[in-house]
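One-letter residues, chain by chain:
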Amino acid sequence: MRKVVTTAMLAAGIGLWAAGAHADTSDKKIALSNNYAGNSWRQAMLKSWEKVTSKAVADKIVAAADPFTTAENQVTEQAAQIQNMILQGYDAIVLNAASPDALNGAIKEACDAGITVVSFDGIVTEPCAWRIAVDFKQMGKDQILYLAEKMPQGGNLLEIRGLAGVFVDDAISSGIHEGVKENPQFKIVGSVHGDWAQDVAQKAVAGVLPSLPEVAGVVTQGGDGYGAAQAFKAAQRPTPLIIMGNRQDELAWWKEQKDTSGYETMSVSIAPGVSTLAFWVAQQILDGKEVPKDLTVPFLRIDQDTLEKNLETTEKGGVANTEYTLEDAQKVIADAK
């Protein structure tokens, strides 16, 4: 039987094409696979996800946007979580990964099942997945550039790293070390893992301080600046210039020191709301949009003159943040092409 194409049908088709219409996503289900929730950044990230995606579900943009967090930061557990998501029929998985490459097998299984995988923050190397990240290496290097400006004579540095084995930790640390190589007036005299958590960082710094010479600066990864300050105070050692990571307790401590003695530093981190950008990117891919595999967003930096403004808008116990809209995601996608 010959198909008859009417003028009205043709006009409707042209209208849809002109409007850039794609597949409807109102029946699509998106899952968040998160490997860790043991610090304020991760809690803020999950809160941002819930805030933005619950509205998207209510507005019938997607059918579901369910968050899942593993009990431990273990690759095997997160791989099993992803395999469960495949069985549960999710259309997309948004992923903050425990490892850049150890989850690639599970991610490939998801892709082979027709599932869209978008990694953010802790990104992955599996080619079928999308990646959203800041330039973490540059974020580390910028800390040394700032210290070189403030302390041109240099000095000894203590490095506080994040979660061992995670892409973000390695990238920020490599930037710090590259910055030190280019500015040899600085020397890293100690390195500890703070797991991006104030309490862990405080204990780790307290444990290493007795063996360290005078420390001029502390380079960090976020969630560890306030803990470092408390460790130096408890040890009755002079407070060095500590780079902060946008946590509210860090910003509040910084303001207190600034008001008391003119203390100067800077603060930098990826905004926890990057999870919401990853959600919208996944939605756009499901909607048939062409999206580059690698997307880069700027890190959120706070300087001496923007401290008060950022502290005012950061809730107690939280992290300075930016949440993304669909229009923001569309702009990030367009800028990457």
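Here the structure is shown first, and the text comes after it.
These notes cover the structure that comes with them. Model, not experiment: these values are computed from the prediction.

Reading the values: rules and limits
- Residues numbered from 1 in each chain as written.
- Predicted model: local features only at pLDDT ≥ 70, side-chain atom pairs only at ≥ 80, totals over all residues.
- Heavy atoms only, no water.
- Helix = DSSP H or I, 4+ residues; strand = E, 2+ residues; numbered from the N terminus.
- Areas by Shrake-Rupley, 256 points an atom, 1.4 Å probe, with all protein chains shown as cover.
- Lys, Arg positive; Asp, Glu negative; His and termini not counted.
- Charge placed at Lys NZ, Arg CZ, Asp CG, Glu CD.
- Core = buried A, V, L, I, M, F, W, Y, C linked by side-chain atoms within 4.5 Å.
- Buried < 20%, exposed > 50% of the residue type's maximum accessible area, 1.4 Å probe, protein only.
- Arc of directions from axis to C-beta.
- Contact = heavy atoms within 4.5 Å.
- Phe/Tyr/Trp six-rings, centres within 6.5 Å; stacked < 30°, edge-to-face > 60°.
- Lys NZ or Arg CZ within 6 Å of the ring centre and 35° of its normal.

## Some words on the overall build of the protein
Then comes step 1: Counting secondary structure elements, the protein contains 12 helices and 12 strands.
Then comes step 2: Projecting the C-alpha coordinates of the protein onto the three principal axes gives extents of approximately 90 × 40 × 35 Å.
Then comes step 3: Carbon and sulfur atoms make up 54% of the accessible area of the protein, which totals about 15100 Å².
Then comes step 4: With 30 positive and 42 negative side-chain charges, the protein shows a spacing of 3 Å between the two charge centroids.

## Considering the environment of Gly288
Then comes step 1: Structurally, the position occupied by Gly288 is in the loop between α10 (274-286) and β11 (294-296).
Then comes step 2: For the pair Gly288 and Glu308, spaced 20 residues apart in the sequence, the C-alpha separation amounts to 42 Å.

## With respect to the nonpolar core
Then comes step 1: Ile30, Ile132, Phe136, Leu147 and Val281 are the most contacted members of the largest nonpolar core, which totals 61 residues.
Then comes step 2: By residue number, the principal contributor to this core is α10, which donates nine residues.
Then comes step 3: Core analysis: the next-biggest nonpolar cluster, separate from the first, contains 26 residues, Ile160, Leu251, Trp253 and Leu311 among them.

## Describing helix α4 (residues 104-112)
Then comes step 1: What α4 keeps buried is the set Asn104, Ala106, Ile107, Ala110 and Cys111. For α4, the buried positions fall inside an angular range of 160 degrees around the axis, keeping them on one side.
Then comes step 2: Here the buried face of α4 lies against α3 (75-87), β3 (92-96) and β4 (116-120).
Then comes step 3: One or two steps after α4, the chain reaches Gly114, where phi turns positive at roughly 85 degrees.

## Here's the deal with the packing of aromatic side chains
Then comes step 1: On inspection of all chains with the given rule, the structure shows five aromatic pairs.
Then comes step 2: Taking 4.9 Å as the distance between ring centres and 65 degrees as the angle between the ring planes, the aromatic pair formed by Phe279 and Trp280 counts as edge-to-face. Each member of the pair, Phe279 together with Trp280, is buried.
Then comes step 3: Joined through ring pairs, the aromatic side chains of Trp49, Phe279 and Trp280 make up one cluster.
Then comes step 4: Sitting above the plane of the Trp130 ring, Lys293 keeps its charged end 3.6 Å from the centroid.

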